[in-house]
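# Results of the structural survey
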Amino acid sequence: MDLADLTAHELLTLISKREIAPKDVVKSCIDRIERCEPLIKAYLYIRDPEEIINSVREDMPYSAIPIAIKDNILVRGLPNTCASKILSNFIAPYNATVIEKLKEKSFNITGKTNLDEFAMGSSTENSAFGPTRNPWDLERVPGGSSGGSAASVAIGSSIWALGSDTGGSIRQPASFCGVVGLKPTYGTVSRYGLVAFASSLDQIGPITKDVTDCALLYSFINGHDPNDSTSLNVEPYRYSPLTGDIRGMKIGLIKELLVEGIDPSVERCIRDAVKTFQDLGAIVEEVSLPHISYSVPTYYILAPAEASSNLARFDGVRYGFRAGGKTAEEMMSNTRGEGFGPEVKRRIMLGTYVLSAGYYEAFYLKALKFRNLIAGDFKKAFERFDVLISPTSPILPFKLGEKVENPLEMYLSDICTIPINLAGLPAISIPCGFVNNLPVGLQIIGPVFSESRLFEVAYGFEQAMPFHKRRPQLGGNTYGV
Amino acid sequence: MEYEVNIGIEIHAELLTKSKVFCSCPVQFGAPPNTLTCPVCLGLPGALPVLNKKAVEYAILTALALNCKINRNAIFHRKNYFYPDLPKNYQISQYDTPIGVQGFLEIETSKERKRIRIRRVHLEEDTGKLIHSGGRITGSDMSFIDFNRSGVPLLEIVSEPDISSPEEAKEYLTNIRDILVFLGVCDGKMEEGSMRCEANVSIRPKGSEKLGTKTELKNINSFRAVERALQYEIDRQIDIVSKGKEVIQETRHWDEKNERTISMRSKEEAHDYRYFPEPDLVPLEIDDAWIERLRSQIPELPEEKYERYKDLGLTPYEAKLLAHDLEMSIFFDETIKLYNNPKNIANWLLVDVTKELKDRNKVITQTLITPQLMTELLTLIDEGRISGRIAKEILPEVIDKGLSPRKIIEERNLVQITDVSELASVIEQVIKENASVVEEYKKGKEKSFMFLVGQVMKLTKGKANPKLVNELLKKTLG
Amino acid sequence: MLSIEEVIHIERLARLKLTDKEREIYRNQLNDVLNYAAKLDEIDTSNVPPMYHVLPVTNVLREDIPRNNFSLEDALNNAPLKEEGFFVIPPILGGEE
């Protein structure tokens, strides 16, 4: 087992015991990048290995634990493409707030990871620079949109990573890549410097190899930011060692998310997880959230509407790609027509349509009402339950190209993760089994600000069923146990 | 046929905050291009707005001063349209919950006193500035953009179409300007673009209930242009209608040089701004305590000053001139605390002081005259120590150097001669030297008397008390 | 069913230059999604208030203190075309005078 296969907290312990040198970890990750990146393509930009090694500081332990950043989170001086042609030449002139926070601890950034263009998609196939592949099966997608970050953590080309989640973009790729991903409570992690997709839904979160790393990384990025008006001024989460004691805890299994089009093997894994929780002393019951089945249409009105406005700024005037044109207007239309990929254009068209005169009430306003109903369902459920569970994705990682032609089908597979963004809640995805050597993810959902509870429940499960210890095998090289 | 005119006015006023409305960039004029910018006002990816408290308070203050109801829950919307000077290609503005609604403003014209209803007062952000090479929109090779102005807080004040003449429009506009200036929220300089105005104009046959088709007038860049542009447009519409044709709903541009309005010939599609609530900002909750705290900060406005000044005995003309001049009215109010003859102060301020200020192109606060010095000057006249003429003579020194009038007259021996014996000897000398004139006077030529008085004043270098000279001269000549 | 004219109208509103082929594809795909969204008509929501924000927060305000730590170079670095501190773009209207 290489150092790149260990978790951050394991590595930190080894470093503090002086069993390994800080630079060894970084070198191990760089080695992994060199060996796996040509197959996986998790990164859109990798810093010069020399620089990464030279960024290690003996007095700053986190500088030894390489972190990968999704390429829609701005790191000053590094490219930020959002996997789009329209930002292909854009160099970030400032740091996102989360990056400022990481820099305080001298975090060592490996590079910027691949995503679906502007985080729109569930497979990382919508990248202008080519897809990322799933480390568990190179024929399959790593999920998306944070597919690069999830694949990188899974394969060890970084120890941990940041992603962003608008409708499942952290949790679903975490599930597909067999790693842990947290979508925090809306407003707990600053969005300043995250290229906006749908402002009322977006949230940055950690992607890690296990729950402890997830809690640790979350503790560094959460907290109030005066530069983000939607950032909450509440007591931030601080890491303390997890116990995993969930005895007496009431867990609700969301009925509606086990029915619609779910893969039977995924359902089996979830049923097994229920047993595990019961064995750990928790009480598990089914719970119905009657409006949750409206989440997908609600989301696919609200998110494109916000996106159509958020992406209006990419016009070739001040930065990014510029196409030709005799007039400013022509230049702007050409820039956007040539600069955006098909999925982004599709969503801009959809979003523009639902906001346009005569349709606002029928679509946008109605979707906001459903958002209220869906959030209300969760509120009610949390009167009875401490946490809720569901699959993270109703399906297993699918093959590249399998769903490209049918966007609606792809949208429907987001059913389990979307409602959580609509309600602004925290949810974590952890590995809960394997089917044909493909990972399956369990989603644990809590009320607002219940991240520490989610970590305990997830940690309890992880200790009982250590699926997180498995590592993908690549091209005959065996990494891991 | 007689026509009735309906004019609605939309004012955009740049607020005098120190920083922009959604970011901390300084608000300043004349800085080199794009030096007052940041990720937020450049619309860089990932940047987010944070609302300036002062801008909100200025908006509430103005809404209160314009008798508006305040929306307790005001939210911001995105107004989506593409234009290269709008960095995000949407403007953060307000839609169905503006800060103030249903206000009004009273105006007084030569004909009547009238109430103009105000539909809404809302807060939004300004755009950047486009500069066209060659100075024209059409035909230029390239356009240049400076985003220093992008994100400067703008207050939009929209009236109902209650204005029925260019004269009323100008009155409305100057009243709004004065209120903004008195509140200290805007400098009101139309020529510099810190206050901008658009008008929609329509005409209808007198007595008709339905409003006529309106045109929207843009590019009105001065108070002078307002009246002329509107008059031109009204005449144009009347001309069209009286020929049996129809007014087309369109945007028209005021061409200052050629004094006409021209159609903005453009392939302008119907506006579809796709307003929706700005998800990057949270709602504003404006409670009673906040409103009352701000209400208590509203200074006395021109309208109230006007009434008070009339009660002090000023003519409506004097009262209006003073009441609408912030600096002058403050000076006046300070002076009447020290000197109890408002009419006299007003007279001096509006005539002599105003003339001196005009010569210097200054407002009174930019000079060194103070209410104390003004009082001193007027008291010297009242006490008969100097004549009005001497007072006028030394006024420039008081204004420019802040010197005490009392000291000036003492140092230069300008104190009025009120000593009878001293004057008597001067009179004797004048009579002696002008025997022929004296003769004429005695024959009944009244004018000759004035000449003799003049001679006395000349010999005393204007220091003689004119009243006393008159009396003494009459007595001496018998 | 969304007409091609409507697609072109949206395309103009969104300043997206599309090809005829793209228009046809998007027309069909948008129709699929919009038909699916009609699912929201199943429930009467006339008495449900819209949820604009999941956050129970109001009045997030900043004091009026000017600060500027973004340089002109930062501002212009990514500009496709610049001159003497300005961003430069093609003319607003064509030279059709």
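Residues numbered from 1 in each chain as written. Chains lettered and ligands numbered in written order. Predicted model: local features only at pLDDT ≥ 70, side-chain atom pairs only at ≥ 80, totals over all residues. Heavy atoms only, no water.

### A few points about the overall build of chain B
Each helix and strand counted, chain B has 15 helices and 17 strands in total. Overall, the C-alpha framework of chain B stretches about 95 × 55 × 50 Å when taken along its three principal axes. Looking at chain B as a whole, 56% of its 478 residues qualify as buried. Sequence-distant contacts in chain B: of pairs separated by 6 or more residues, those separated by 24 or more amount to 70%. For chain B, the computed accessible surface area is about 21,800 Å², with 50% contributed by carbon and sulfur atoms. (Helix = DSSP H or I, 4+ residues; strand = E, 2+ residues; numbered from the N terminus. Buried < 20%, exposed > 50% of the residue type's maximum accessible area, 1.4 Å probe, protein only. Contact = heavy atoms within 4.5 Å. Areas by Shrake-Rupley, 256 points an atom, 1.4 Å probe, with all protein chains shown as cover.)

### A closer look at the nonpolar core
Phe118, Phe378 and Leu388 of chain A together with Ile9, Leu123 and Tyr172 of chain B are the most contacted members of the largest nonpolar core, which totals 178 residues. In terms of residues, this core owes the most to one element, helix H12 (residues 360-384) of chain A, which gives 13 residues. Look past the residues within four positions of Ile9 of chain B in its chain and what remains in contact with it is Ile157, Val158, Ser159, Ile163, Ala169, Tyr172, Leu173, Cys197, Glu198 and Ala199 of chain B. Residues Ala4, Ile73, Ala282 and Val435 of chain A belong to the second largest nonpolar core, which totals 77 residues. (Core = buried A, V, L, I, M, F, W, Y, C linked by side-chain atoms within 4.5 Å.)

### Observations regarding helix H15 (residues 466-477) of chain B
Think of an α-helix as 3.6 residues a turn; residues three or four steps apart then line up on the same face. Residues and elements named next belong to chain B. For H15, with 12 residues, the first-to-last C-alpha span of 16 Å sits near the 16 Å given by 1.5 Å per residue. Those residues of H15 lying buried are Leu468, Val469, Leu472, Leu473 and Leu477. Along H15, the residues classed as buried sweep out an arc of 145 degrees about the axis, all on the same side. Opposite the buried face of H15, by more than 90 degrees, sit the exposed residues Lys467 and Lys475. Where H15 is buried, its residues meet helix H12 (420-433), helix H13 (435-442) and helix H14 (446-459). (Expected span 1.5 Å × (residues − 1). Arc of directions from axis to C-beta.)

### Some thoughts on the domain arrangement of chain B
Looking at chain B, the domain boundaries give domain 1 (3-290), domain 2 (302-411) and domain 3 (420-477). One C-alpha centre belongs to domain 2 of chain B, the other to domain 3 of chain B; they are set 33 Å apart. (Domains from an automatic or database assignment.)

### What to know about the sheet that holds strand S10 (residues 143-146) of chain B
Pairing is antiparallel across the open sheet formed by four strands, whose spatial order is S9(B)-S10(B)-S3(C)-S2(C). Unpaired on one side and paired on the other, strand S9 (129-132) of chain B together with strand S2 (82-83) of chain C mark the two borders of the sheet. Here S9 of chain B pairs with S10 of chain B via four bridges, running antiparallel. Note on S10 of chain B: the bridge partner recorded for Lys129 of chain B is Asp146 of chain B. (Pairing = 2+ DSSP bridges.)

### Structural notes on the interface of chain B and chain A
With 31 residues of chain B at the interface, the matching set in chain A holds 37 residues. Roughly 2,700 Å² is buried in total at the junction of chain B and chain A, and carbon and sulfur atoms are behind 60% of that figure. Here chain B is connected to chain A by one salt bridge. Linking Asp280 of chain B and Arg191 of chain A is a salt bridge whose minimum nitrogen-to-oxygen distance equals 3.0 Å. Here chain B and chain A share 19 residue pairs in polar contact (both at pLDDT 80 or more) between them. (Buried area = accessible area lost by both parts, 1.4 Å probe. Salt bridge = Lys/Arg side-chain N within 4 Å of Asp/Glu carboxyl O. Polar contact = N/O pair within 3.5 Å; in protein donor to acceptor, adjacent residues only side chain to side chain.)

### A closer look at the interface of chain C and chain A
One frequent convention defines the size of an interface as the accessible area lost when the parts assemble. Taken together, the contact pairs 52 residues of chain C with 66 residues of chain A. Carbon and sulfur atoms make up 70% of the surface buried where chain C meets chain A, a total of about 5,100 Å² over both sides. Sorting the residues of chain C by area buried against chain A places Leu40, Met51 and Asn78 of chain C first, and these three jointly supply 14% of that buried surface. At the junction of chain C with chain A, the criterion picks out five salt bridges. One salt bridge in this structure joins Glu329 of chain A and Arg12 of chain C, with 3.3 Å as the shortest N-O distance.

### Examining unusual backbone geometry
All names here are of chain A. Of note, the amide linkage connecting Gly144 to Ser145 takes the cis form, showing an omega dihedral of 10 degrees. Here Cys82, not a glycine, exhibits a phi torsion of approximately 55 degrees, which is positive. Positionally, Cys82 belongs in the loop between strand S2 (67-70) and helix H4 (97-104). Overall, Cys82 belongs to the buried group, its relative accessible area being 0%.

### Looking at the environment of Met190 of chain B
All names here are of chain B. As for its placement among the helices and strands, Met190 is situated in the loop between helix H2 (166-183) and strand S12 (195-205). In this structure Met190 comes out as buried when scored by relative accessible area, which is 3%. Between the C-alpha atoms of Met190 and Ser222, which are 32 residues apart in sequence, the distance is 5.3 Å. If we skip the residues at most four places from it in the chain, Met190 touches Leu173, Met195, Cys197, Ile220, Asn221, Ser222, Phe223 and Val226.

### Here's the deal with the layout of surface pockets
Residues and elements named next belong to chain B. Size it by volume and the second largest pocket reaches roughly 1,100 Å³. What lines the second largest pocket is a set of 30 residues, among which Arg177, His324, Asp325, Glu327 and Val363 lie closest to the centre. Those elements that provide at least two residues to the lining of the second largest pocket are H2, helix H6 (316-323), helix H7 (326-338) and helix H8 (342-360). Looking at which element gives the most residues to the lining of the second largest pocket, the answer is H2, with seven residues. Residue composition of the lining of the second largest pocket, by class: 12 nonpolar, seven polar and 11 charged. Shared between two domains, the lining of the second largest pocket holds at least three residues of each, these being domain 1 (3-290) and domain 2 (302-411). (1 Å grid on protein atoms, 1.4 Å probe; cavity = no way out; pocket = protein on both sides within 12 Å on 5 of 7 lines; lining within 4 Å. Points joined across faces, edges and corners; volume = space filled by probe spheres on them. Nonpolar A, V, L, I, M, F, W, Y, C, P; charged D, E, K, R; others polar.)

### Concerning the side chain of Glu160 of chain B
All names here are of chain B. Tracing the backbone through its elements, the reader meets Glu160 in the loop between strand S11 (153-159) and H2. Of note is the side chain of Glu160, whose polar atom sits 3.2 Å from the side chain of Arg119. Ignoring any residue separated from it by four or fewer positions in sequence, one finds Glu160 in contact with Ile7, Gly8, Arg117 and Arg119.

### Quick word on the packing of H2 of chain B against helix H3 (residues 223-242) of chain B
Think of two packed helices as two axes; the pair is described by the angle between the axes and how far apart they sit. Residue and element names in this part refer to chain B. Between H2 and H3, the least distance of the axes is 9 Å, while the angle of their chain directions is 150 degrees. By the angle class used here, H2 and H3 are roughly antiparallel. Considering how the two elements wind past one another, H2 and H3 form a crossing that is right-handed. Along the contact surface, H2 presents Pro166, Glu167, Ala169, Lys170, Leu173, Thr174 and Arg177, while H3 presents Phe223, Val226, Glu227, Leu230, Gln231 and Ile234. Residues belonging to the contact of H2 with H3 are distributed by class as follows: seven nonpolar, two polar and four charged. (Axes fitted to C-alpha atoms, helices over the stretch in contact; angles between N-to-C directions. Parallel < 35°, antiparallel > 145°, perpendicular 65-115°, else oblique. Left-handed = near helix turned anticlockwise from the far one by under 90°.)

### Overview of the packing of aromatic side chains
The full count for this structure, using the stated rule, is 34 aromatic pairs over all chains. An aromatic cluster is present here, built from Phe90, Phe118, Phe314, Tyr319 and Phe340 of chain A joined pairwise through their rings. The aromatic ring of Phe449 of chain B is capped on one face by Lys474 of chain B, whose charged end is 5.3 Å from the ring centroid. For Lys39 of chain C, the ring lying beneath its charged end belongs to Tyr294 of chain A, and the centroid distance is 5.0 Å. (Phe/Tyr/Trp six-rings, centres within 6.5 Å; stacked < 30°, edge-to-face > 60°. Lys NZ or Arg CZ within 6 Å of the ring centre and 35° of its normal.)

### Topic: the pairing of strand S13 (residues 215-220) of chain B
All names here are of chain B. Strand direction decides the pairing type here: S12 and S13, joined by four bridges, are antiparallel. Looking at S13, one finds that Asn200 is bridged to Glu216. Judged from the three bridges that link them, S13 and strand S14 (residues 251-255) form a sheet pairing that is parallel. Residue Lys218 lies in a different strand from S14, and its bridge partner there is His253. Taken together, S13, H3 and S14 form a β-α-β motif whose crossover is left-handed. (Right-handed = clockwise from strand over helix to strand, strands pointing away.)

### Structural notes on the confidence of the model for chain C
Of the residues in chain C, 96% have a pLDDT of 70 or more, and the chain-wide mean is 90. Within chain C, helix H2 (residues 20-37) of chain C has the poorest average pLDDT of any element, 90, and strand S1 (residues 61-62) of chain C the best, 97. (pLDDT = per-residue confidence, 0-100.)

### With respect to the environment of Leu55 of chain C
On the secondary structure map, Leu55 of chain C appears in the loop between H2 and S1. Not counting the four nearest positions on each side in its chain, Leu55 of chain C is found in contact with Tyr186, Gly187, Thr230 and Leu232 of chain A together with Val282 of chain B.

### Overview of the side chain of Asn222 of chain A
Residues and elements named next belong to chain A. Assignment of secondary structure puts Asn222 in the loop between helix H7 (211-221) and strand S7 (250-254). In this structure Asn222 comes out as buried when scored by relative accessible area, which is 7%. Apart from the residues within four sequence positions on either side, Asn222 is in contact with Lys101, Thr188, Val189, Pro236 and Tyr237.

### Examining the state of the cysteines
A complete count under the given rule lists zero disulfides over all chains for this structure. Sulfur of Cys36 of chain A: no disulfide; nearest cysteine sulfur belongs to Cys29 of chain A and is 11 Å away. The exposure class of Cys36 of chain A is buried, given its relative accessible area of 3%. Cysteine Cys23 of chain B shares no disulfide, and the gap to the nearest cysteine sulfur, in Cys38 of chain B, comes to 3.7 Å. (Disulfide = S-S within 2.5 Å.)

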